[in-house]
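Here is what each chain is made of, one letter per residue.
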Amino acid sequence: MAPNAKVAEALTQAESASGEKGPMYEALLANIKNLSSPTSAVDDLNAIVESFFDQALGGVATRTVLNAFVSTLEALKNEDMWIEVGSRTLAVLSLQPSSFLDATAKLCDLVATAHENNEDFVAAAKILAEIPLDSSQRKVTDEGKARVWIRIVRNYLEEDDSTAAETYINKLKNIMHTISDQDLTLHFRLSQARIQDAKRDFLSASQRYHEISFSPAIADEERLHTLGMAIKCAILAPAGPMRSRMLGRLYKDERAAQLDEFGILEKMFLDRLLSQAEVDKFAEGLQPHQLATTSDGSTVLAKAVVEHNLLGASRLYNNIGFEALGSLLGLDADKAEETAARMIEQGRLVGRMDQLDGMVWFEGGEASGEKGSGRAGVIAGKEMRRWDANVESLSEEVENVMNSLQREFPEFVAANLVA
């Protein structure tokens, strides 16, 4: 669309002027509220941009007018206008020499802010990624880069795109050791935890959330919220010795008793069986990705509860049949057998399987956490030592029998048993 008549007239005067045209464009921008109207403002501003770039004002003059234009656009406080005019201006700048990088960066920031306020987080992340950070003509400090990259990460995480967010987290890892700003460091650590959470690396996420919950840089309410996230992730983590240690740290945290999740945390730490009602109540506070269905058709929470209840059963029983175990866990016999076998093989449960009798035997003690075949590594070592002792004992008994025979029946031994 054509610009407002008053703006069109001012542009014609600037374009036809014989002297310096830069000040005329600056005067037009300074008076834009009087010359333009709300309905034509977008077209007016777009026309101004195209006009002063077409006039070949020279590098210095163009940069001055461009900076005035960006400041004028920002002062209008209209987010839809920031997106429409800012995007159009960035398209024009992409065809120009790389001498307008500061204005490009400011426009990207302005457009991204508008997208964020409109909750279009992917668009915000993409426009922030266009900010020039590595050009030889525009020096940006590590702290400046970190601010942009962390903002991109947070936008992608708002859309649960942990893959894209991790790309920028990996960039941040190379420079965070040079950053002294505590807020940036905190956001970096929190973003790492959120990515691990989204990728279902719940144990690592729990550890990071718990560390962050002690940070003096956040309010008490936020610390408790972060502690709650640590507890949720620990509960969702695969059952085993590492999770047990994490549950222990959280259970001993005096603040945990203030949280709704403390009841289920306590039961898990003490290896008590969980009821379905308790699980359903806990699930109400989880995020969508924490309730997602896994490849075997169960949810992360359901799998974590089954494994926990299996560990709890190992504290109550010396042995149990697959049918009875399945009934206890809410599974069929085959699924119960498969779950127990997997946990034993991965070193997260100490026991052995008797498939002929359809039984699982629990051997007590703590699992090693190391992958093995059939039993945890610690138990395998214990069994080997027991086997060695039995062989040694049998050998000693055979030798005692031989000595007795030698004493009582030396002729028989000489005739029949001496090799």
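Residue positions within a chain follow its written sequence, with the count starting from 1. Per-residue local features of the predicted model are confined to residues with pLDDT of at least 70, and side-chain atom pairs are confined, for both listing and counting, to 80 or more; whole-chain, interface and lining totals are unaffected and use all residues. Calculation of side-chain values draws on the structure's entire complement of heavy atoms; hydrogens and water are dropped beforehand.

Enquirer: What is the right way to look at the overall build of the protein in this model?
Expert: Numbered from the N terminus, helices here are DSSP runs of H or I no shorter than four residues, and strands are runs of E no shorter than two. Of regular secondary structure, the protein possesses 21 helices and three strands. What the globule rule says is 2.2 Å times the number of residues to the power 0.38, and the radius of gyration is computed from C-alpha atoms. For 419 residues, the compact-globule estimate of 2.2 N^0.38 gives 22 Å, and the protein exceeds it by more than 25% at 35 Å. For the protein, the C-alpha atoms occupy an extent of roughly 135 × 55 × 40 Å along the three principal directions. Relative accessibility decides the category of a residue: with a 1.4 Å probe and only protein chains considered, values under 20% of the type maximum give buried, values over 50% give exposed, and everything between is partly exposed. Sorting the 419 residues of the protein into buried and exposed places 43% on the buried side. Whether two residues are in contact is decided by their heavy atoms, any of which lying within 4.5 Å being enough. Contacts in the protein between residues far apart in sequence, at least 24 positions, make up 58% of those at least 6 positions apart. Within the protein, one finds 43 positive and 64 negative side-chain charges whose respective centroids are separated by 3 Å. For the charge count, each Lys or Arg is scored as positive and each Asp or Glu as negative, with His and the chain ends excluded. To locate a charge, the coordinates of NZ of Lys, CZ of Arg, CG of Asp or CD of Glu are taken.

Enquirer: Any chance you could explain the sheet that holds strand S3 (residues 359-362) here in plain terms?
Expert: Think of a sheet as strands paired side by side through backbone hydrogen bonds, with each pair either parallel or antiparallel. Strands are labelled as partners when DSSP assigns at least two bridges between them. The three strands are arranged S1-S3-S2 in an open sheet whose pairing can be described as antiparallel. Every other strand in the sheet has two partners, leaving strand S1 (319-321) and strand S2 (351-354) as the edge strands with one partner each. Sheet twist, expressed as the average angle between the axes of neighbouring strands with direction ignored, equals 15°. Relative to S3, S1 runs antiparallel, the two being bridged by three bridges. Pairing of Asn319 across the sheet is with Trp361, part of S3. Note on geometry: axes are lines fitted to C-alpha atoms, helical ones only across the stretch in contact, with angles between N-to-C directions running from 0 to 180 degrees. Strand contacts of helix H18 (residues 322-329): S1, S2 and S3, with the helix running at about 90° to S1, the strand carrying the most contacts.

Enquirer: Hey, could you run me through a negative patch on the surface in this one?
Expert: Patches were defined on residues exceeding 30% relative accessible area and lacking a salt bridge, with like-charge contacts within 9 Å and nonpolar side-chain contacts (Val, Leu, Ile, Met, Phe, Trp, Tyr) within 5 Å. Surface exposure here means Shrake-Rupley accessible area, sampled with a 1.4 Å probe, where a residue is shielded only by the protein chains that are shown. We define a salt bridge as a contact between a side-chain nitrogen of Lys or Arg and a carboxyl oxygen of Asp or Glu at a distance within 4 Å. A cluster of acidic residues, Glu119, Asp120, Glu158, Glu159 and Asp160, forms a negative patch on the protein surface. Here Asp120 lies in the loop between helix H7 (101-117) and helix H8 (121-128).

Enquirer: Just checking my understanding: could you explain the side chain of Ser51 for this structure?
Expert: Inspection of the secondary structure assignment puts Ser51 in helix H4 (residues 41-54). Other than its neighbours up to four places away in sequence, Ser51 contacts Leu11, Glu15 and Tyr25.

Enquirer: For this particular structure, what's the right way to read the environment of Asp120?
Expert: By relative accessible area, Asp120 is classed as partly exposed at 35%. Separated by 38 residues in the primary sequence, Asp120 and Glu158 place their C-alpha atoms 9.5 Å from one another.

Enquirer: Honestly, helix H12 (residues 202-212) in this entry has me stumped. Any pointers?
Expert: In an α-helix, one turn spans 3.6 residues, which is why side chains three or four residues apart end up on the same side. Taken together, the buried positions of H12 are Phe202, Leu203, Ala205, Ser206, Tyr209, His210 and Ile212. Considering only its buried residues, H12 is in contact with helix H11 (182-198), helix H13 (220-236), helix H14 (241-251) and helix H17 (300-316).

Enquirer: Looking at this structure, I do not really get unusual backbone geometry. What am I missing?
Expert: Apart from glycine, the bulk of residues carry a negative phi angle, and the bulk of peptide bonds sit in the trans form. At Glu119, a residue that is not glycine, the phi angle is positive and equals roughly 60°. With respect to the helices, strands and loops of the structure, Glu119 is situated in the loop between H7 and H8.

Enquirer: Would you take a moment to explain the pattern of salt bridges for this structure?
Expert: For side chains bearing opposite charge, pairing can occur when the charged atoms are close. All chains considered together, the criterion is met by 16 salt bridges. Residue Lys106 is joined to Glu74 by a salt bridge in which the shortest nitrogen-to-oxygen separation is 3.6 Å. Of this pair, Lys106 sits in helix H7 while Glu74 sits in helix H5 (residues 59-75), and the two are 32 residues apart along the sequence. Judged by its relative accessible area of 40%, Lys106 is partly exposed. Here Arg151 makes a salt bridge to Glu116, at a shortest N to O gap of 2.9 Å. Of the two residues, Arg151 is situated in helix H9 (residues 142-158) and Glu116 in helix H7; the sequence distance between them amounts to 35 residues. It is possible to trace a salt-bridge network through shared partners that takes in Asp109, Glu116 and Arg151.

Enquirer: What should I look at first to understand the packing of H18 against helix H19 (residues 333-345) in this one?
Expert: Helix packing geometry: the angle between the two helix axes and the distance between the axes. Orientation of H18 relative to H19, taken along the N-to-C sense of each, is 90°, at an axis distance of 8 Å. Judged on the interaxial angle alone, H19 and H18 are roughly perpendicular. Here Phe322, Glu323, Leu325 and Gly326 of H18 lie close against H19, whose contacting residues are Ala333, Ala336, Glu337 and Ala340. Residues of the contact of H18 with H19, tallied by class, amount to five nonpolar, one polar and two charged. Oblique is the label for every angle not falling under 35 degrees (roughly parallel), over 145 degrees (roughly antiparallel), or within 65 to 115 degrees (roughly perpendicular). Each residue receives one of three labels: charged for Asp, Glu, Lys and Arg, nonpolar for Ala, Val, Leu, Ile, Met, Phe, Trp, Tyr, Cys and Pro, and polar for the others, Gly being one of them.

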